[in-house]
Amino acid sequence: MSNLISLNFPNLELFQNYGGNFKTYFTAVYNIFESHFIKNKTLFQGIHVTAQKHPEVDGIHRTFYHITHEGEDEDNRTPDFDRMERIRFPNFMMNSCPNDELLIWKNQRGRDTRVLIFNETEGYLVVMTERKGFNLFWTAYYIQQNHSKKKLLKEYDAYIKTKTA
């Protein structure tokens, strides 16, 4: 199904709009996440999406840290302003599917089937894990490096080729 409606991504949630106060900014960004994935129901192609809560990080949902912080060591992730600014993108992308500007495919990570949504123009990727009857919102992030975008596009093309073969 082709959907030619052009996407208008939400505005970025900019740190400078909070007077340089990180605590106020962090709270505002978390409140947006909470509104989209905890207090309200988010759907991806008619399937409910939940956010992983446990183990919590400082009393906050684990998924929130995955989409707003960076680093390999789970206990020492640092805030990533590029990710925080795009806090509205995951919900927007999930709710905008299907759309020709959003590439959707699946891959395997261990025993998990992951669902990926990628917008090349914005350089933004959303990752969910399929569960029985719902999708678990795993992570999302902004991709700046062209080689990383090319790698995702190559994976998408390979997935599409297997589906049309």
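We now turn to the structure provided with this report. The model shown is predicted, which means the values in this text are computed figures rather than measured ones.

### Examining the environment of T113
Part 1 of the argument: Within the fold, T113 resides in strand 6 (residues 112-119).
Part 2 of the argument: Using a relative accessible area of 22% as the deciding quantity, one classes T113 as partly exposed.
Part 3 of the argument: Sequence spacing of T113 and G123 is ten residues, and the spatial spacing of their C-alpha atoms is 22 Å.
Part 4 of the argument: With sequence-adjacent residues up to four places away left out, T113 is seen in contact with K106, N107, Q108, M128, T129 and E130.

### Some remarks on the sheet that holds strand 7 (residues 124-131)
Part 1 of the argument: Judged by pairing direction, the sheet is mixed, and its six strands sit side by side in the order 1-2-8-7-6-5 without closing on themselves. The open sheet terminates on both sides in strands that have one partner only, identified here as strand 1 (42-44) and strand 5 (103-109). Across this sheet, the average inter-strand angle for adjacent strands is 40°, counted without regard to direction.
Part 2 of the argument: In this sheet, strand 2 (residues 47-51) lies alongside strand 1 in antiparallel orientation, the contact comprising three bridges. Bridge pairing in strand 2 places T42 opposite V49.
Part 3 of the argument: Packed on one face of the sheet, helix 4 (residues 89-96) meets strand 1, strand 2, strand 6, strand 7 and strand 8 (134-142) and runs near 65° to strand 7.
Part 4 of the argument: Packed on one face of the sheet, helix 5 (residues 146-164) meets strand 5, strand 6 and strand 7 and runs near 90° to strand 5.

### So, unusual backbone geometry
Part 1 of the argument: With omega at 0°, the peptide bond leading from C97 into P98 counts as cis.
Part 2 of the argument: The residue P98 is located in the loop between helix 4 and strand 5 in this model.

### A closer look at the side chain of N91
Part 1 of the argument: Here N91 shows up in helix 4.
Part 2 of the argument: A polar atom in the side chain of N91 sits 3.1 Å from the side chain of T42.
Part 3 of the argument: A distance of 2.8 Å separates polar atoms of two side chains, one belonging to N91 and the other to N95.
Part 4 of the argument: Ignoring any residue separated from it by four or fewer positions in sequence, one finds N91 in contact with H36, F37 and T42.

### Focus on the pairing of strand 2
Part 1 of the argument: Between strand 1 and strand 2, which pair antiparallel in sequence order, lie two residues; one of them, Q45, sits at a positive phi of approximately 50°.
Part 2 of the argument: As paired strands, strand 2 and strand 8 are joined by three bridges and run parallel to one another. Bridge pairing in strand 8 places V49 opposite N135.

### Describing helix 1 (residues 22-39)
Residues spaced three or four apart along an α-helix point in a common direction, a consequence of the helix completing one turn every 3.6 residues.
Part 1 of the argument: Here helix 1 contains 18 residues, and its C-alpha end-to-end distance of 23 Å stays within 8% of the 26 Å for a straight helix at 1.5 Å per residue.
Part 2 of the argument: Of all bends in helix 1, the biggest is about 25°, found at F33.
Part 3 of the argument: Residues of helix 1 that are buried include every one of Y25, F26, A28, V29, Y30, I32, F33, E34, H36 and F37, and no others.
Part 4 of the argument: For helix 1, the side-chain oxygen to backbone nitrogen distance between the N-cap and K23 is 3.0 Å, and the N-cap itself is N21.

Rules behind the numbers
The numbers attached to residues start from 1 for each chain and follow its sequence in the written order. For this predicted model, a pLDDT threshold of at least 70 governs which residues receive local features, and a threshold of 80 or more governs which side-chain atom pairs are given and counted, while totals over whole chains, interfaces and linings are taken from all residues. To get the side-chain values, all heavy atoms of the structure are used, and hydrogens and water are removed first. Numbering of helices and strands starts at the N terminus; helices are DSSP runs of H or I of at least 4 residues and strands are runs of E of at least 2. Exposure categories follow from relative accessible area, calculated using a 1.4 Å probe and restricted to protein chains: below 20% of the type maximum is buried, above 50% is exposed, and the middle band is partly exposed. Here a residue-residue contact requires only that any non-hydrogen atoms of the pair lie within 4.5 Å. Here, any two strands with at least 2 DSSP bridges between them count as paired. Angles here are taken between N-to-C directions and fall from 0 to 180 degrees, while the axes themselves are lines fitted to C-alpha atoms, restricted in helices to the stretch in contact. Pairs of N or O atoms are called polar contacts if they sit within 3.5 Å, as long as, within protein, a hydrogen donor faces a hydrogen acceptor (for residues adjacent in sequence, only side-chain-to-side-chain pairs). The span you would expect from a helix comes to 1.5 Å times its residue count less one. Two axes are fitted around each residue, one to the seven residues ending there and one to the seven starting there, and the angle between them is reported as the bend at that residue.

Nothing here speaks to function; it is all geometry.
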